[in-house]
Every structure is written in C-alpha cells, then in structure tokens.
Amino acid sequence: KAKEFGGNTYTVFVPDHQEAVEKKLVLQRNLRTALERDEFYVLYQPQLDLRSGTVQGIEALIRWKNEELGEVAPAEFIPLAEGSRLILSIGEWVLRTACAQNKAWQEEGFPPVNISVNLSSVQFQSEELPATIQRILRETALDPKWVTLEITESLLLQSKSRTMRMLNELKATGVSIAIDDFGVGYSSLSYLKDYPFDCLKIDKSFIQHMNEEQGDELIVRTVIGLAHGLNMTVIAEGVENEEQLHYLHQQSCDSIQGFLISKPISPDQLSKQLWVDQSLGRKLH
Ligand code: C2E
Ligand code: MG
Ligand code: MG
Ligand code: MG
C-alpha cells in the first residue's frame, strides 16, 4: 500500500492510526457501562496436579461481550481499563464472582479446589487492596486457603519496600500468591528469593517451543529446580500436547494448565466435566 503513495508513509499511516484511535474510543465508551450492563462473565480453566492426576486448581479468566463490539479479548480491554480507574471495580467484580463460584462448588459438595484470580498492577498499587480482599472473603464466606492471587513481574517494578509490604499484607489475609507469566518480564531473579511467592507459573512461550528448542527445555527444567529450591510450587502454562506433558512430568513440574486439559470453560461445563460425568478426569489417563 505504501508504494501506491510513492513511499509517502505519512499519508498511509495516518488513516490507520485514526482508525485505531476511533476503535479505542468506542471500546472506552462501552467499557464504562459494561459493569452496570452486566456484560462481563468469567470462564474457568482447570490446573491439573501431575502427582495426583486430579484438578486441584482453577484459574478465573474474565470475558466481555458487548452488543456493539461482540466478544472483546482481555488483552484488548484490560489495558484500557487500567488506563482509567475502571480496573479497580472490574478487578473487584472478578474476585467476588470467582470466590462466590468457588464457594458455590464447595456447597454443592464437590471436592474443594483452589481458585486463582489475576491482579492488575493498578489494583496492586491501591492501598485498599488487602481490605477489599478481606471484605470479599467475608462476603463470600470462602476460606482464603482456597484463593490464589496471580501477579506479573510488571507489578514488581515499584519500590521494593512497598512491594514487600503489600505482598505481606496480602499474605496476611490468608491467600496465596503466584507469579504469573514467569520469564517474560524485566525483573531480576533475586526477587524470587526475597518475595513470599507460593507458586511460580512458567510462561507459555517457553512451554510452546520446548519441543523445537533445546534452550527452552533447559530453561523450563532449570526454572522448575529453582522454584522448588525456593519452596514454590510450579505450574506450566499453555500445555497443548502430550509431549510437553511428558517432559514436564519427568521434570517434576507440579501442575499443568492448557488446552491439552481444557480451554477456559463456563462454570456449568466445568462442574459437569470435572465432577458429574468426570470426562475431564478421564482425559488425563
Ligand atoms: P494469563 O493470566 O497468563 O492467562 C492465561 C491465558 O492463556 C488465557 O488467555 C488463557 O485462555 C490462555 N491459555 C490457556 N491455555 C492455553 C494454551 O494451551 N494455549 C494457548 N495458546 N493459550 C492458552 P486469556 O483468557 O485471553 O487472558 C489473557 C490475559 O489477560 C491473562 O493471561 C491475564 O493476564 C489477563 N486477564 C484475564 N482475566 C483477567 C482478569 O480477570 N483480571 C486481570 N487483571 N487480567 C486478566
Ligand atoms: Mg494468570
Ligand atoms: Mg500467564
Ligand atoms: Mg499472560
């Protein structure tokens, strides 16, 4: 297309840019009313414990369906929500929804599982976060030992003393902390030993190239050893095939999450596949 305009990239890129700006405005306008219009919902993705062969954890993943825009991916709207204070109310809604769902499963008599919820760095910056979590735990009457907060390395770019204080306040509520997307951020390894993480989630980019690239196999094996040495459990993300499962099992990875086990699914589908007809469990053997 640039050639048509004799290489004048200025005239070519301006319309594209405008389109992107307009899209962003439409997204922002709809995002502001999404909560009150009840347009968000949560899907749940099981995490399989490799030792027991059972699902012991479930990650809550937000979804947005808007009339004008259709389904919008979290990668698209979470950054926008983070630009405004909207992420605080959305984050709180996800947390409450996921905790209430986990409590409901327990009350239906299903074996208790852990629920993992992603935290935005903006939530982490808020001094009210520990109180918010405590309030949600009280409201939903869920025992905090069944809750994990997933944070990413980008959250750790704040001052070390402040980060440490916030992590300790969160841990004091009784929840666990997982470091998500491990290996793709900018932080140094030293925070792994300094901060009180319970679980490390290896980013899917390492898992997905393991079978082609020896370097990634080595990284995965080494990270598992490092995390275990520091008393953390390890979850591998993005596991899509048996070969990856086999390697992770061999390397004593604790749990796996990925399309091989299940895509993120609705709470009804999950309770059916996991506990009623147990089709999810059968897939694992
Ligand atoms: P994440 O926390 O790392 O979540 C895992 C993502 O990987 C999910 O994408 C999931 O659908 C996808 N995934 C799971 N298994 C596989 C697999 O085998 N292969 C591949 N290719 N992908 C797999 P999703 O749901 O689109 O979420 C993307 C990101 O958006 C999440 O990454 C998380 O950072 C963010 N996010 C999702 N829900 C929330 C939320 O409630 N709050 C916040 N702050 N962020 C959220
Ligand atoms: Mg996550
Ligand atoms: Mg992740
Ligand atoms: Mg991610």
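Note: the structure precedes this text.
Numbering of residues begins from 1 in every chain and follows the order in which that chain's sequence is written. Each chain is given a letter, starting from A, and each ligand a number, starting from 1, according to the order in which they appear as written. A pLDDT threshold of at least 70 governs which residues receive local features in this predicted model, and a stricter bar of 80 or more applies before side-chain atom pairs are shown or counted, although totals over entire chains, interfaces and linings include all residues. Side-chain calculation: all heavy atoms of the structure are included, whereas hydrogens and water are not.

(A) Broad picture of the coordination of the magnesium ion (ligand 3). Water is not part of the atom set, so a site may look incomplete; the donors themselves are N, O and S atoms within 2.8 Å of the metal, or 3.2 Å for Na, K and Ca. Looking at the magnesium ion (ligand 3), one finds its protein donor set to be Asp180 (OD), Asp181 (OD), Glu237 (OE) and Glu237 (OE), positioned 2.0 to 2.4 Å from the metal centre. On the primary sequence, the residues serving as donors to the magnesium ion (ligand 3) are separated as D-D-x55-E. Between the magnesium ion (ligand 3) and the magnesium ion (ligand 2) the interatomic distance comes to 4.1 Å, and Asp180 is a ligand of both metals.

(B) Molecular detail of the site of ligand 1. Neighbouring residues are identified by heavy atoms, a residue being near a molecule or strand if any of them is within 4 Å of it. Inspection of the region around ligand 1 gives 23 residues, with Arg63, Asn118, Asp180, Glu240 and Phe259 positioned closest. Two N or O atoms form a polar contact when they lie within 3.5 Å of each other; inside protein one atom must be a possible hydrogen donor and the other a possible acceptor, and for residues adjacent in sequence the pair counts only when both atoms belong to side chains. The contact in question runs from an oxygen atom of ligand 1 to an N or O atom on the side chain of Asp181, over 3.0 Å. Here the Shrake-Rupley method, with its probe set to 1.4 Å, supplies the accessible areas, and only the displayed protein chains count as covering residues. Protein chains shield 82% of the accessible area of ligand 1, which is 800 Å² for the free molecule. Elements are defined by DSSP. Helices are runs of H or I of four residues or more, strands are runs of E of two residues or more, and each kind is numbered from the N terminus. Per-element accounting of the shell around ligand 1 gives the leading share, four residues, to strand β2 (residues 54-66). Throughout, the ten residues Ala, Val, Leu, Ile, Met, Phe, Trp, Tyr, Cys and Pro are labelled nonpolar, Asp, Glu, Lys and Arg are labelled charged, and all others, Gly among them, are labelled polar. Residue composition of the shell around ligand 1, by class: nine nonpolar, six polar and eight charged.

(C) Layout of the side chain of Asn114. Relative to the assigned elements, Asn114 resides in strand β4 (residues 114-118). A distance of 3.5 Å separates a polar atom in the side chain of Asn114 from a polar atom in the side chain of Ser116. Separated by 3.0 Å, the side chains of Asn114 and Thr148 make a polar contact. If we skip the residues at most four places from it in the chain, Asn114 touches Gln56, Gly57, Ile58, Asn102, Lys145, Trp146, Val147 and Thr148. For this analysis, residues touch if any pair of their heavy atoms sits within 4.5 Å.

(D) Main features of helix α10 (residues 242-250). Exposure is judged per residue with a 1.4 Å probe applied to protein chains only, and the accessible area is read against the type maximum: over 50% gives exposed, under 20% gives buried, and values in between give partly exposed. Along α10, the residues that are buried comprise Gln244, Leu245, Tyr247 and Leu248. On an axial view of α10, the arc spanned by its buried residues comes to 165°, and they lie on one face. The exposed residues of α10 that point more than 90 degrees off its buried face are Glu242, Glu243 and His246. Against the buried residues of α10 lie α8 (204-208), α9 (214-229), β8 (233-236) and β9 (255-256). After α10 finishes, the residue Ser252 shows a positive phi value of roughly 65°. The arc in question is traced by the directions running from the helix axis to the C-beta atoms.

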